[in-house]
Amino acid sequence: DANSETPPERSGSHTPDVDGLHSFIARWAREAIRTSHVPLSRSEVIKLLRTLAEDMATALRTEPFSADAGTRTALRLVENNFTGPDTLGCSIRLLVTDFLSAASLDQNADNRAKIGDLASKLSAAYADALRERLFAEQEMMKRAVFAARDAADRLRIESEERLRAVFETSSIGIEIGRASCRERV
């Protein structure tokens, strides 16, 4: 039936080298931990990166190919604070140089092009996610500054009102002067 959906075809090797992927994930975790400060244990980092690596491996084996796994990977990296200055570069380098063999995929031109597409999507989405995070943090800081300014203005106005009330309701004279000179006002 032309209207029924056919499941996507998988290309390349169907049985990933578990040891190869495990080794890749361990190297990625080492680099990610070295280049970023994240509030996760090593085992939590490995679990996260395993999920991301498996998603990208599945994307590489699925036809038609979609590089959206690169976007998902970038979003999860930024969401989990893998945002050190060298984190993206190390991740891309590992992806491009080691991922095909780690995932037991042929090193043919088609798969190399797919890795390039994944790396491109990962880079672009990582930059976008960092920019959005920066804008959100700037907005939060701006709101905090405005709230602090408004609170200081309220306190100043209240203080001025109290001082004015003292002057206006005082039954005796009040002198305002400087400590360095004794002029009467």
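Presented here is a report on the structure given in the accompanying data block.

How each quantity is defined
Residues numbered from 1 in each chain as written. Predicted model: local features only at pLDDT ≥ 70, side-chain atom pairs only at ≥ 80, totals over all residues. Heavy atoms only, no water. Helix = DSSP H or I, 4+ residues; strand = E, 2+ residues; numbered from the N terminus. Buried < 20%, exposed > 50% of the residue type's maximum accessible area, 1.4 Å probe, protein only. Contact = heavy atoms within 4.5 Å. Phe/Tyr/Trp six-rings, centres within 6.5 Å; stacked < 30°, edge-to-face > 60°. Salt bridge = Lys/Arg side-chain N within 4 Å of Asp/Glu carboxyl O. Polar contact = N/O pair within 3.5 Å; in protein donor to acceptor, adjacent residues only side chain to side chain. Core = buried A, V, L, I, M, F, W, Y, C linked by side-chain atoms within 4.5 Å. Axes fitted to C-alpha atoms, helices over the stretch in contact; angles between N-to-C directions. Parallel < 35°, antiparallel > 145°, perpendicular 65-115°, else oblique. Left-handed = near helix turned anticlockwise from the far one by under 90°. Nonpolar A, V, L, I, M, F, W, Y, C, P; charged D, E, K, R; others polar.

Structural notes on the side chain of asparagine 111
Phase 1 of the analysis: Among the structural elements, asparagine 111 can be located in helix H5 (residues 109–169).
Phase 2 of the analysis: Residue class for asparagine 111 comes out buried when judged on its relative accessible area of 3%.
Phase 3 of the analysis: Look past the residues within four positions of asparagine 111 in its chain and what remains in contact with it is Leu60, Leu100, Leu105 and Asp106.

Section: the environment of phenylalanine 24
Phase 1 of the analysis: Among the secondary structure elements, phenylalanine 24 is positioned in helix H1 (residues 18–35).
Phase 2 of the analysis: Along the backbone, phenylalanine 24 and alanine 103 are 79 residues apart, and their C-alpha atoms lie at a distance of 8.7 Å.
Phase 3 of the analysis: Once residues lying within four places of it in the same chain are set aside, the contact partners of phenylalanine 24 are Leu94, Leu95, Asp98, Phe99 and Ala102.

Regarding the environment of alanine 124
Phase 1 of the analysis: Among the secondary structure elements, alanine 124 is positioned in helix H5.
Phase 2 of the analysis: Taking C-alpha positions, alanine 124 is 9.0 Å from glycine 70, a pair spaced 54 residues apart along the chain.

Concerning the packing of aromatic side chains
We describe a pair of aromatic rings using the distance from one ring centre to the other and the angle between the two ring planes.
Phase 1 of the analysis: Across all of its chains, the model carries two aromatic pairs by this definition.
Phase 2 of the analysis: Centroid distance phenylalanine 24 to tryptophan 28: 5.8 Å. Interplanar angle 50 degrees. Geometry classified as tilted. Note that phenylalanine 24 and tryptophan 28 are positioned in helix H1 at a spacing of four residues, about one turn of the helix. With respect to burial, phenylalanine 24 and tryptophan 28 carry one shared label: buried.
Phase 3 of the analysis: Between phenylalanine 24 and phenylalanine 99 the ring centres are 5.0 Å apart and the planes differ by 70 degrees, which places this aromatic pair in the edge-to-face class. Remark: phenylalanine 99 occurs in helix H4 (residues 87–102) and phenylalanine 24 occurs in helix H1; sequence separation between them is 75 residues.
Phase 4 of the analysis: Taking relative accessible area as the criterion, phenylalanine 99 reaches 0% and is therefore assigned buried.
Phase 5 of the analysis: In this structure an aromatic cluster arises from ring pairing among Phe24, Trp28 and Phe99.

Remarks on the pattern of salt bridges
Phase 1 of the analysis: Here the structure, examined in full by the defined rule, presents 14 salt bridges.
Phase 2 of the analysis: Ionic pairing is found between aspartate 153 and arginine 156, a salt bridge with its closest N-O pair at 4.0 Å. Here the residue aspartate 153 and the residue arginine 156 both occupy positions in helix H5, the gap between them amounting to three residues, near one helical turn.
Phase 3 of the analysis: One network of salt bridges, in which partners are shared, links Glu31, Arg34 and Arg93.

Quick look at the side chain of serine 36
Phase 1 of the analysis: Within the secondary structure, serine 36 is located in the loop between H1 and helix H2 (42–61).
Phase 2 of the analysis: Overall, the relative accessible area of 10% leaves serine 36 in the buried class.
Phase 3 of the analysis: Reaching out from serine 36, the side chain makes a polar contact with the backbone nitrogen of glycine 84 at a distance of 3.0 Å.
Phase 4 of the analysis: Those residues in contact with serine 36 that lie beyond four places of it in its chain are Asn81, Phe82, Thr83, Gly84 and Thr87.

Side note on the nonpolar core
Note on soluble globular proteins: their nonpolar side chains tend to be buried together.
Phase 1 of the analysis: Formed by 38 residues in total, the largest nonpolar core has its most connected members in Trp28, Leu49, Met56, Leu95, Phe99 and Leu118.
Phase 2 of the analysis: Elements with a minimum of two residues in this core: H1, H2, helix H3 (68–79), H4 and H5.
Phase 3 of the analysis: When residues in this core are grouped by element, the largest group, ten residues, is from H2.
Phase 4 of the analysis: With residues up to four places along the chain from it excluded, the contact list for leucine 49 reads Ile25, Trp28, Ala29, Ala32 and Leu77.

Comments concerning the packing of H4 against H5
Phase 1 of the analysis: It is the contact of H4 with H5, at a shortest axis distance of 10 Å, that shows an interaxial angle of 165 degrees. Between H4 and H5, the crossing angle belongs to the class labelled roughly antiparallel. Pair H4 / H5 crosses with right-handed handedness. Contacts between H4 and H5 involve Thr87, Leu88, Ile92, Leu95, Val96, Phe99 and Leu100 from the first element and Asn111, Arg112, Ile115, Leu118, Ala119, Leu122, Ser123 and Tyr126 from the second.
Phase 2 of the analysis: Each residue belonging to the contact of H4 with H5 can be placed in one class, and the counts come to eleven nonpolar, three polar and one charged.

Function cannot be read off these values alone, since they describe shape.
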